[in-house]
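Examining the three-dimensional arrangement
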Amino acid sequence: MFNFDERVDRSGTFSCKWEKYKGKDILPMWIADTEFKVAPSIINACRQQLDHGVLGYHLPSQHQPANEAVVHWCKSQYGWDIQPSWIVWTPGVCPGFNVAIRAFCEPGDKVLIQTPNYPPIIASPEINHCEGVHIPTVEQTDGWMIDFDALETQAKDPKAKVFIMCNPMNPVGSTLNQAQLDKIAQICTDNNVILCSDEIHCDLILDDIQHLPAGNHPTLQSRSITLMAANKTFNIAGLGASFAIIPDAQVRQQFNLAARGIVPWVNIMGLIATQAAFTLANDWHEAQRNYLIGNRDYLAKAINAIPGLKAIPAPATFLMWVDASALDLQGAKNVQDWCESRGVGPSPGADFGDEHFFRLNFGVSRSMLEEVVDRLSL
Ligand SMILES: Cc1ncc(COP(=O)(O)O)c(C=O)c1O
């Protein structure tokens, strides 16, 4: 019904992903947007809005259908009952975690972040005149997980005010179970730390695992900011529509004050696309999930068959974190150079905090993925 095998020609569209290697025979496998066409129901909804012909101001909190769509999605996907008033729209998840730091930290305070991690999260404490404290993500037999002992130790520092968590985690693709979220809730509560939970990848859980939003945890309701978006899952990131869910009125007010005058309103196309994604695209969402499972399993097997490369098939995201620490670089300057010399452009592991890794975006047609594997296997 939906053709994820289609190879859409994005050259010449000024797509950030494709511009990077313009004119070079390097397949771009880096930034986290997919190569898939957006669900027809979302395109139709956007088209209807365009056909209306006026693109004026819209205050996101007044756009009742978009807010109702978020409420409906949280209930249907995670069993989370939220109030429309808890939703704070932001033009991207990145503004969300940067505003959270400004809202709850003084210059010189400490912000806890997991590493390896999405580069803008790593950069956010310093951007906001704070100190980033790195909490390692450690490899275990069944995947990657936060080092809870390190988190507990660092959270005890009275200067630690905010923990920016990423669940599911980027780049490792792990998800938190109830016991793990309980532990984080306990650590944050005991140490008076605000939890800002970046859950942008939570609708991309491929295995049969229930996502547990931070804001739905009983002890986190008074100290959490949960950041979500249809952006990644429905490939509408370019429309810049995201939202923070903040159950506590005082926390919400502090967040809104920090955003005042700086963070613009989400635009109407982003609101419409999010509304359509959360109400009209369930079949597309499920079909994409199945396609991504096939891609992940194919890619993990192929990567693990290449001498010097190792990858754990992760339960979530369309991103694969590849360990190249045993790779024979054969004269290449580094791991990234090795990949690019073979015609593949992943996200450099160094940007995430580990130069011995690279991250592959497998949200692409199977034929493109096969080409990537062929090139890396040379
Ligand atoms: C963990 C994480 N947070 C945030 C973003 C970016 O979100 P946005 O484009 O909504 O700012 C990404 C994009 O890759 C991401 O992986």
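Preceding this paragraph is the structure being described.
Described in the following lines is the structure provided in the data block.

Cut-offs and rules
Residues numbered from 1 in each chain as written. Predicted model: local features only at pLDDT ≥ 70, side-chain atom pairs only at ≥ 80, totals over all residues. Heavy atoms only, no water. Helix = DSSP H or I, 4+ residues; strand = E, 2+ residues; numbered from the N terminus. Rg over C-alpha atoms; globule rule 2.2 N^0.38 Å. Contact = heavy atoms within 4.5 Å. Areas by Shrake-Rupley, 256 points an atom, 1.4 Å probe, with all protein chains shown as cover. Lys, Arg positive; Asp, Glu negative; His and termini not counted. Charge placed at Lys NZ, Arg CZ, Asp CG, Glu CD. 1 Å grid on protein atoms, 1.4 Å probe; cavity = no way out; pocket = protein on both sides within 12 Å on 5 of 7 lines; lining within 4 Å. Points joined across faces, edges and corners; volume = space filled by probe spheres on them. Near = heavy atom within 4 Å. Polar contact = N/O pair within 3.5 Å; in protein donor to acceptor, adjacent residues only side chain to side chain. Nonpolar A, V, L, I, M, F, W, Y, C, P; charged D, E, K, R; others polar. Phe/Tyr/Trp six-rings, centres within 6.5 Å; stacked < 30°, edge-to-face > 60°. Buried < 20%, exposed > 50% of the residue type's maximum accessible area, 1.4 Å probe, protein only. Lys NZ or Arg CZ within 6 Å of the ring centre and 35° of its normal. Pairing = 2+ DSSP bridges. Axes fitted to C-alpha atoms, helices over the stretch in contact; angles between N-to-C directions.

Notes on the overall build of the protein chain
Along the protein chain, the regular secondary structure elements total 13 helices and 13 strands. The C-alpha radius of gyration computed for the protein chain amounts to 20 Å, which stays within 12% of the reference 21 Å derived for 378 residues, consistent with globular compactness. Oriented by its inertia axes, the alpha-carbon framework of the protein chain measures out at about 55 × 55 × 35 Å. For the protein chain, the share of sequence-separated contacts (at least 6 apart) that also reach a separation of at least 24 residues comes to 73%. Of the roughly 16,000 Å² that the protein chain leaves accessible, carbon and sulfur atoms contribute 52%. Taking the 28 positively charged and 41 negatively charged side chains of the protein chain as two groups, their mean positions are separated by 3 Å.

Examining the layout of surface pockets
Roughly 950 Å³ of internal volume is contained in the largest pocket. In terms of lining, the largest pocket is formed by 46 residues, of which the most central are Ala32, Asp33, Lys232, Ala237 and Gly238. Listing elements by their share of the lining of the largest pocket, those giving two or more residues are helix H2 (40-52), helix H4 (93-104), helix H5 (119-127), strand S12 (344-348) and helix H12 (349-352). With five residues, the top contributor of residues to the lining of the largest pocket is H2.

Observations concerning the site of the ligand
Near the ligand you find 13 residues, and of these Val93, Asn170, Asp198, His201 and Lys232 are the closest. Between a nitrogen atom of the ligand and a side-chain N or O atom of Asp198, the distance comes to 2.5 Å. One of the side-chain N or O atoms of Ser242 is found 3.4 Å from an oxygen atom in the ligand. For the ligand, the protein covers 91% of the area, taking 400 Å² as the surface of the free molecule. Along the lines of polarity and charge, the residues of the shell around the ligand split into six nonpolar, five polar and two charged.

Regarding the packing of aromatic side chains
Tallied over the entire structure, the rule returns 14 aromatic pairs. Ring geometry for Trp321 and Phe352: centres 5.8 Å apart, planes at 55°, overall tilted. Residue Trp321 is found in strand S11 (residues 319-323), and its partner Phe352 is found in helix H12; the two are separated by 31 residues along the sequence. For the residue pair Trp321 and Phe352, the accessibility class agrees, reading buried in each case. By way of ring pairs, the aromatic residues Phe4, Phe36, Trp73, Trp89, Phe234, Phe243, Phe278, Trp284 and Tyr291 are connected into one cluster. In this structure, Lys20 is placed above the aromatic ring of Trp30, and the distance from its NZ or CZ to the ring centre is 4.8 Å.

A closer look at the sheet that holds strand S3 (residues 110-115)
Across the sheet, eight strands lie side by side as S2-S9-S8-S7-S6-S3-S4-S5; this open sheet has mixed pairing. Two strands bound the open sheet, and with one partner strand each, they are strand S2 (87-90) and strand S5 (143-146). With strand direction ignored, the average angle separating the axes of adjacent strands in the sheet is 25°. Relative to strand S6 (residues 160-166), S3 is paired through four bridges, and the arrangement is parallel. Bridge pairing in S6 places Lys110 opposite Ala160. Relative to S2, helix H3 (residues 64-78) is tilted by about 110°, and along the sheet it contacts S2, strand S8 (224-229) and strand S9 (242-245). In the packing of helix H8 (residues 249-259) onto the sheet, contacts are made with S2, strand S7 (194-198), S8 and S9, and the angle to S2 comes to roughly 20°.

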